[in-house]
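# Per-entry structural report
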Amino acid sequence: MDNAFSHVLRASPQYFGRNLKMKATGETLLKTIARVSSIAVMLLLVSAVCSAACTGGSVLSGYYGMLVGGNGKYLTGAVHFDGNCNVSGSNITGTLGGSYVTTSVSGTYGQNSDSTVNITLNFAGQSAAQTYIVGVSESGNKARGVESDGTVGATIDLTSQLTTLTGGYTASSLNGTYAVSCLSDGAADLNYVTFNGSGLTGIDVYDQSGTVNTANYSGNYSVNSDGTFSGVLTSSGFTQYSFNGVIDNGQTQIEYIYEDAGSGVLACTGKQSTTTNLQGYYGMVVDGFQVSGGGKYLSASVYFNGAGSLTATNVQGGSGSTYTTTTGTGTYVVNSNNTVTITLNLANQSTAQTYVVGVAEGGNEALGVEYDGSAYATIDLQSQLQLPATKYNLASLNGTYSASCGGSEVDLNYVTFNGNGSLTGVDAYYNGSYGDSPYTGTYTVNSDGTFSGSFAGSYSVFTMTGVIDNGTSEIEFTYDESGVGGIVGCIGESTYVPPPATPTVAPPALSPAPGAYSSTATVSLSDVASGSVIHYTTNGSTPTVNSPFWWWSKSPKSGHCRSEN
């Protein structure tokens, strides 16, 4: 009788006794194979855990700051992905079941065949779970996605807490000034806020449905050891606000929500401000709503000359109900409070657009809001680090991007550009329903890093226009859905991590060596990894993960074998 063995490291929830000899740690594990005419040993080693089956757990691993925003749902907090498909967190604050509360969360996650990741979140005090689908980028440090349970059109943003702190966060961890842009269904804000270790000061350039004003404020805050923080701020210009957030990327980024007593909640993302200078080429995306009706979604390459003048090329997207491509000129000036006012004159528009931004990341990013009262919209500027030394071309947009989108619908796009003008992807969309629609299309790239293309799915034809930021690691784009008239603004990051090949580990040592033997043999295994599962067959066929197995787990002083037939 032939015997084939496959050693597979994976989970098993079951425990069965088996006639097996075991020795102490460091010695060999012995199993006598009776009346063996030949032994064929085959190795198939995959990563394992000693709990429920997990697919792609390592794609998200560690502590992340979480921000959920959209259609009246705003949540923020620190969540932990354990690398084994389990997620947990405390100090999750925001709107939950119609109330503004602080709660905890537990849940699970797992990777799909197309590399997207499903996340299920069970919040204490809420009977129904929330489910999300995200795309992972920045080598697992970032994830973007949408709520996929059909309950609300909301986006989720996860950013690693890349801190080197060993004793947890403190109030001084939040020291510094941050430029923060905020958006809800009826307001867009720029907060330019300074935390000094005990109190805060700042300005709020806000737009409440077209009414723009500027208010100075002050307040206080506290920081929890997990990086979450909370506080209040007051000003003579408006009512008292409470805010709750989380520190990302160590100390360089924050995400938070705040509640205007009686007026609603906004979701905010901020970067630590280090300079007010704007100089060079930037990718621009504008995202929001016209006061008179319709969306406002623009992308472009903008050049700031360092002396107060700007030019914009291939400005593409929608303003009101028109989707166009145009150019622009303008000016910008640094204000006494360190914000920067930008005036943009589009070639086909009689009235200038005005924005106020806060500058962050050493001048490589600027975040702000429209300031002219015609729209409540945000503006995001990201340096195009490839220009001017190297012009962009088709190959510049080679790779896969996970992009979260908001506007007439909430989308997660998972799009791959092949560097030769073709694209493929999946649109996991929320537009009153949820689906997973594959699409194909073509694209072109201009020398300034702007690009355009079209793609068709199972539902309609889309026109895409955008701009490459940060060399080739980030894109911002808008797209127009033909026949529906809705425009969506998207931010995407590369690279989307593909499903890993079955990860391997060092095989155990086998004695005797694989081969054919004419008499009874004893097979000894040593250096067996804890949690390993030895799948086997007795008919000479190749074992699979569905074959009977032996599971070896060990602690510092003992070893255990479990088996299943």
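Residues numbered from 1 in each chain as written. Predicted model: local features only at pLDDT ≥ 70, side-chain atom pairs only at ≥ 80, totals over all residues. Heavy atoms only, no water.

## With respect to the pattern of salt bridges
Using the criterion set out here, one finds seven salt bridges in the structure. Taking the shortest distance from any N to any O, the salt bridge between K142 and D157 comes out at 3.1 Å. One end of the pair, K142, is in strand β10 (residues 142-147); the other, D157, is in strand β11 (residues 155-160), with 15 residues separating them in the sequence. In terms of burial, K142 and D157 fall into one category: buried. Across the pair E365 and K271 runs a salt bridge whose closest N-O atoms are separated by 2.7 Å. You can see E365 sitting in strand β26 (residues 365-370) and its partner K271 sitting in strand β19 (residues 264-272), a full 94 residues away along the chain. What makes K271 buried here is its relative accessible area of 12%. (Salt bridge = Lys/Arg side-chain N within 4 Å of Asp/Glu carboxyl O. Helix = DSSP H or I, 4+ residues; strand = E, 2+ residues; numbered from the N terminus. Buried < 20%, exposed > 50% of the residue type's maximum accessible area, 1.4 Å probe, protein only.)

## So, the nonpolar core
Core analysis: the biggest nonpolar cluster contains 25 residues, and L60, M66, V79, F81, I119 and L158 have the highest contact counts within it. Elements represented by at least two residues in this core include exactly β4 (61-70), β5 (73-82), β6 (86-96), β7 (99-111), β8 (117-123), β9 (130-137) and β11. Ranked by residues supplied to this core, first place goes to β8 with four residues. Membership of the second largest hydrophobic core comes to 24 residues, among which are L278, Y282, V340 and L344. (Core = buried A, V, L, I, M, F, W, Y, C linked by side-chain atoms within 4.5 Å.)

## Some words on the environment of G94
Within the secondary structure layout, G94 lies in strand β6. As a C-alpha pair, G94 and Y256 span 162 residues in sequence and 9.5 Å in three-dimensional space. Look past the residues within four positions of G94 in its chain and what remains in contact with it is Y74, L75, S99, Y100, V101 and I257. (Contact = heavy atoms within 4.5 Å.)

## Section: the side chain of R144
Position of R144 among the secondary structure elements: in strand β10. Owing to a relative accessible area of 10%, R144 belongs among the buried residues under this scheme. In this structure the side chain of R144 is engaged in a polar contact, spanning 2.9 Å, whose partner is the side chain of E493. With sequence-adjacent residues up to four places away left out, R144 is seen in contact with I133, V134, G135, I156, D157, S402, S404, L412, I491 and E493. (Polar contact = N/O pair within 3.5 Å; in protein donor to acceptor, adjacent residues only side chain to side chain.)

## What to know about the environment of G295
You can see G295 is positioned in strand β21 (residues 295-305). Separated by 22 residues in sequence, G295 and G317 have C-alpha atoms that sit 9.9 Å apart.

## Things to note about the state of the cysteines
A complete count under the given rule lists two disulfides for this structure. Linked covalently through their sulfurs, C54 and C85 form a disulfide whose S-S length is 2.0 Å. The chirality of the disulfide connecting C54 with C85 is right-handed, given an S-S dihedral of about 75 degrees. Here C54, found in the loop between β3 (38-41) and β4, pairs with C85, found in the loop between β5 and β6; they are 31 residues apart in sequence, far enough to count as distant. In this structure C54 comes out as partly exposed when scored by relative accessible area, which is 27%. (Disulfide = S-S within 2.5 Å.)

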